[in-house]
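# Summary of the model geometry
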Amino acid sequence: MANSKDIVADAKEAFRLAEEAWSENATAALDDIRFARDAGIDGVQVWMGPFLGGATPAIAGAVYRRAWQGRSWEDLRFPRSPEDQIERVLRLIEICNRHAIKLSCSVLILSYATLEYIVDFCARVTAAGAYDVMLGDHSSALLPEAWHGMCRAILERTPGCNISIHPHDMFGLATACALAGLKGGARIAEVSVNGLTEGPAQADLAHTVAGLRILHGVQGSGVRLERLTALSRSVEELTDEEAIEELIAEGYTEEQARRMLGDYDPSKYADCEYYDED
């Protein structure tokens, strides 16, 4: 009969082989975790989308990497079920726990997920030791009421879940969504200065802090409102023409790009039908 040391050694080897057998997405996540450990970083965030059945996962960096390199990606082993996907996340949490690294899990592209899946995902990763769960709506499909109800539903099942929310502004509702999610029980709102991000703008830092303070009476954010205008102007200068050109290259009009970067002058677009005073 094998002794306890042999059993432990075999288990570690099996776990190592399981790590190496994961897809390139998981390998990249493991590389990030090991980098964080070696660099003294205390936390990492792993992006993942909801399970989409037989479709390619919404967040699948290995697909894009291989396609860019001209390599086939059909042999990648994507999750075969919601259970399989969550089990992979639980293994990442176990690895992070082993290295004393906080893991922020995520459910991105929320409009593809069911409420049942989101609530179950949050419950299971929280029980396994995840630091928080970041909920991202990059398509801006969730209304403020949906953010509030979703956060309430998560916390009704898992009161200890540390919810982080990440709304976008395709319909001008990012700040409203951030406030609604926080009112529903989220503890963190991911925002940015001037709403800057790589896609539709995020909730703006100044708007969100002002909304919390003025509309909801929240005084403990630690953000000094009197400094935010200068911060906004500094970021505006740092991200001026170069960022505008990059956004135009991505397919945005100049008007849209300047709106996203807080450098919008409506007089330049007075002849546009949408802005016609008549």
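The structure contained in this document is the topic of the report that follows. Because the structure is a prediction, the values reported are computed rather than measured.

Relative to the 20 Å expected for 14 residues at 1.5 Å per residue, helix H5 (residues 115-128) spans 20 Å between its end C-alpha atoms, a close match to the ideal helical length. Along H5, the positions that sit buried rather than exposed are Tyr117, Ile118, Val119, Phe121, Cys122, Ala123, Val125 and Thr126. Taken together, the buried residues of H5 touch helix H4 (82-98), strand S2 (102-107), strand S3 (132-137) and helix H6 (144-157). Phi turns positive one or two residues past the end of H5, at glycine 129, with a value near 110 degrees.

Now for H6. With 14 residues, H6 should cover 20 Å at 1.5 Å per step; its first-to-last C-alpha distance of 21 Å lies within 8% of that length. Taken together, the buried positions of H6 are Pro144, Trp147, Met150, Cys151, Ala153, Ile154 and Leu155. Contacts from the buried residues of H6 go to H5, S3, strand S4 (163-167) and helix H7 (174-183).

This part covers the side chain of serine 106. Assignment of secondary structure puts serine 106 in strand S2. At 2.7 Å, the side chain of serine 106 forms a polar contact with the backbone oxygen of valine 46. At a separation of 3.0 Å, a polar atom in the side chain of serine 106 contacts the main-chain amide nitrogen of methionine 48. Once residues within four sequence positions are removed from consideration, serine 106 is found in contact with Val46, Trp47, Met48, Phe121 and Met134.

Hydrogen bonds between backbone groups are what pair the strands of a sheet, and the pairing can be parallel or antiparallel. The strand order across the open sheet built from 5 strands is S1-S2-S3-S4-S5, with neighbouring strands paired in parallel fashion. Unpaired on one side and paired on the other, strand S1 (43-45) and strand S5 (188-189) mark the two borders of the sheet. Note that S1 and S2 share 3 bridges and pair parallel. Pairing of glutamine 45 across the sheet is with serine 104, part of S2.

The next subject is the packing of H4 against H5. Where H4 meets H5, the closest approach of the two axes is 9 Å, and the angle between their N-to-C directions is 25 degrees. In terms of axis orientation, H4 runs roughly parallel to H5. When the axes of H4 and H5 are compared, the crossing they make is right-handed. The residues of H5 that touch H4, namely those facing Pro82, Glu83, Gln85, Ile86, Glu87, Val89, Leu90, Ile93 and Asn97, are Tyr117, Asp120, Phe121, Arg124, Val125 and Ala128. A per-class count over the contact of H4 with H5 returns 9 nonpolar, 2 polar and 4 charged.

What follows concerns the packing of H6 against H7. The description of two helices packed together rests on the angle between their axes and the distance between the axes. Close contact between H6 and H7 brings their axes to 7 Å; oriented N to C, the two are set at 25 degrees. Regarding the angle of H6 to H7, the classification is roughly parallel. Considering the relative orientation of H6 and H7, their crossing is right-handed. The residues of H7 that touch H6, namely those facing Pro144, Trp147, His148 and Cys151, are Ala176, Cys177, Ala180, Gly181 and Lys183. Looking at side-chain class alone, the contact of H6 with H7 contains 6 nonpolar, 2 polar and 1 charged residues.

Cut-offs used in this document
- Residues numbered from 1 in each chain as written.
- Predicted model: local features only at pLDDT ≥ 70, side-chain atom pairs only at ≥ 80, totals over all residues.
- Heavy atoms only, no water.
- Helix = DSSP H or I, 4+ residues; strand = E, 2+ residues; numbered from the N terminus.
- Expected span 1.5 Å × (residues − 1).
- Buried < 20%, exposed > 50% of the residue type's maximum accessible area, 1.4 Å probe, protein only.
- Contact = heavy atoms within 4.5 Å.
- Polar contact = N/O pair within 3.5 Å; in protein donor to acceptor, adjacent residues only side chain to side chain.
- Pairing = 2+ DSSP bridges.
- Axes fitted to C-alpha atoms, helices over the stretch in contact; angles between N-to-C directions.
- Parallel < 35°, antiparallel > 145°, perpendicular 65-115°, else oblique.
- Left-handed = near helix turned anticlockwise from the far one by under 90°.
- Nonpolar A, V, L, I, M, F, W, Y, C, P; charged D, E, K, R; others polar.

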